[in-house]
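# Observations on the three-dimensional arrangement
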Amino acid sequence: QPPFRATQTTPKSVNLGHPLRSRLPSVPRTRLFASEVATKTGQDKYDDLIQWFESSNEKSYISPKVAIRPSTRGGLATGGYGAFVNDDFTEGELLLRIPKNCCVTLDDALNDNECGQAFKDLMEKAGPGSDTVILAGYLAKEYLLLKEYDRRLKAGSKPDDNSEMRRLSKIRFEPYLRTLPWGRGVNAQEHVLFWEDEDVDSLLKGSLAYDDAVETRSTVKVAIKILNGIIGPIVRKARGEEEEAEEEEGFLFPWQESKKEEKPSGETEILVGLDEAVRGAFAISLSRAFAAPSGANDGKDEDRLEPFLDMLQHSNTPNVSHKCAEDGSIEVTACTGIKSGEELFNQYRGEDDMPYHKFFTRFGFVPGVTQPVANLIAERSTIFFPQRATV
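Described in the following lines is the structure provided in the data block. (Residues numbered from 1 in each chain as written. Predicted model: local features only at pLDDT ≥ 70, side-chain atom pairs only at ≥ 80, totals over all residues. Heavy atoms only, no water.)

Pairing is antiparallel in the open sheet, where four strands are placed in the order β1-β4-β10-β9. The open sheet terminates on both sides in strands that have one partner only, identified here as β1 (61–62) and β9 (320–324). Direction of pairing for β1 relative to strand β4 (residues 94–98): antiparallel, over a ladder of two bridges. Bridge assignment links Tyr 61 to a residue of β4, and that residue is Arg 97. (Pairing = 2+ DSSP bridges. Helix = DSSP H or I, 4+ residues; strand = E, 2+ residues; numbered from the N terminus.)

Time to look at unusual backbone geometry. The phi dihedral of Asn 187 is positive, around 60 degrees, even though this residue is not glycine. Of the residues examined, Asn 187 reaches a relative accessible area of 9% and is grouped as buried. One non-glycine residue, Ala 188, adopts positive backbone phi at about 65 degrees. For Ala 188, a relative accessible area of 6% gives the class buried. (Buried < 20%, exposed > 50% of the residue type's maximum accessible area, 1.4 Å probe, protein only.)

Our focus in this paragraph is the environment of Pro 355. For Pro 355, the location among the structural elements is in the loop between β11 (345–346) and α13 (356–363). Owing to a relative accessible area of 37%, Pro 355 belongs among the partly exposed residues under this scheme. Taking the C-alpha atoms as reference points, Pro 355 and Pro 367, separated by twelve residues in sequence, lie 9.9 Å from one another.

This next bit is on the pattern of salt bridges. This model, assessed by the stated rule, comprises 22 salt bridges. Measuring nitrogen to oxygen at the nearest pair gives 2.4 Å for the salt bridge that ties Glu 174 to Arg 178. On the basis of relative accessible area, Glu 174 is assigned to the partly exposed category, the value being 27%. Overall, the relative accessible area of 24% leaves Arg 178 in the partly exposed class. (Salt bridge = Lys/Arg side-chain N within 4 Å of Asp/Glu carboxyl O.)

All right, on to helix α8 (residues 197–204) then. Along α8, the residues classified as buried are Asp 199, Val 200, Leu 203 and Leu 204. Projected onto a plane normal to the axis of α8, the buried residues spread over an arc of 100 degrees and lie on a single side. With its phi angle positive at about 90 degrees, Gly 206 sits one or two positions after the end of α8. (Arc of directions from axis to C-beta.)

Take the side chain of Ser 329 next. By secondary structure assignment, the location of Ser 329 is in the loop between β9 and β10 (330–334). Of note is the side chain of Ser 329, whose polar atom sits 2.6 Å from the side chain of Asp 327. Residues in contact with Ser 329, not counting those within four places in the same chain, are Arg 97, Ile 98, Pro 99, Lys 100, Lys 323 and Cys 324. (Polar contact = N/O pair within 3.5 Å; in protein donor to acceptor, adjacent residues only side chain to side chain. Contact = heavy atoms within 4.5 Å.)

Right, let's talk about the packing of aromatic side chains for a bit. Within this structure, the stated rule accounts for twelve aromatic pairs. Their ring planes at 55 degrees and their centres at 5.4 Å tell us that Phe 359 and Phe 363 sit as a pair that is tilted. Taken together, the residues Phe 359 and Phe 363, both in helix α13 and four residues apart, mark about one turn of the helix. Assigned by exposure class, Phe 359 and Phe 363 land together as buried. Taking 5.7 Å as the distance between ring centres and 90 degrees as the angle between the ring planes, the aromatic pair formed by Phe 360 and Phe 384 counts as edge-to-face. Residue Phe 360 is found in helix α13, and its partner Phe 384 is found in the segment after α14 (373–378); the two are separated by 24 residues along the sequence. Residue classification places Phe 360 among the buried residues on the basis of a relative accessible area of 0%. A relative accessible area of 0% places Phe 384 in the buried class. The ring of Phe 89 has Lys 65 lying over it, and the distance from NZ or CZ to the ring centre is 4.3 Å. (Phe/Tyr/Trp six-rings, centres within 6.5 Å; stacked < 30°, edge-to-face > 60°. Lys NZ or Arg CZ within 6 Å of the ring centre and 35° of its normal.)

Right, dumping it as structure tokens:
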């Protein structure tokens, strides 16, 4: 099954004209015209990723002739990274070998020391359809813990100050998590999950993409509530919020009791930052996850995030191919001769097999379009708004 990733592909001639800003007065320009929000992920983060990758498994391999640098293709705008070759490659030559333990998999979530059992319980109740929710929940938890670690470091804490800092300093996929697009514009990432509800209605209502966008966003909203009960306590504990809550539940003077807010029955407060983290995790999973054999010898595939391979930009004429080896590792080879200086390209889906509007709701881009997709939508492009034939 072809892999999934969100970014741009080979430019085609698309006459966008000028964005019809006057048609959409309710949509703030900084959200609608996405070229203004693209931000870069620093090169040093990719250097750290390479070091982590090569030291994680003796079978890890990234060719010394492969380099990570800003891509020739845009996402929201320029800002995304890609992989290039700094020497010629012959057809069939190995570019990457990615061991399974370097990939983020469903097994990592189910065997997690903190939330694994809760994820297993969720899978038992909800069935196989919960796989994406569980993987996204695991990613979101690790990301929120990483943010807490960074906050403590900034406040002057040291990695070995206490047991909590030692735990936070050992987040397994930390270098990889730092390169992922957790928000709109990070690494030129676009996705409808990063939009506001009013933007979806103003821009997409009546389009071919509207139902997909609404369904995806509704699924994520439900997932946020479910995951709040699973990963919320873990993150609150790391933040020290549980201790604070316990102190507040102690003796209170009468005037303190009167100021205590009463929460509606059955309503649980959503963890601060969880909404953004889960949305980011789902966008990452939808746009970057690859289907690979689960390893359970049951003939089924599992979604996994595969460092480096998921950075390759899309092209309908790729110059790499990849397969899963018997040990579960992914081997990426040149499927044609590649000249020095050329960028490496993968094919996420065949462009004849998936409508362009579905490329957008799944991966966050439209093949061939190098300007913000919001401009296309504002112009009511036939990619999104089919035109009725005139009689």
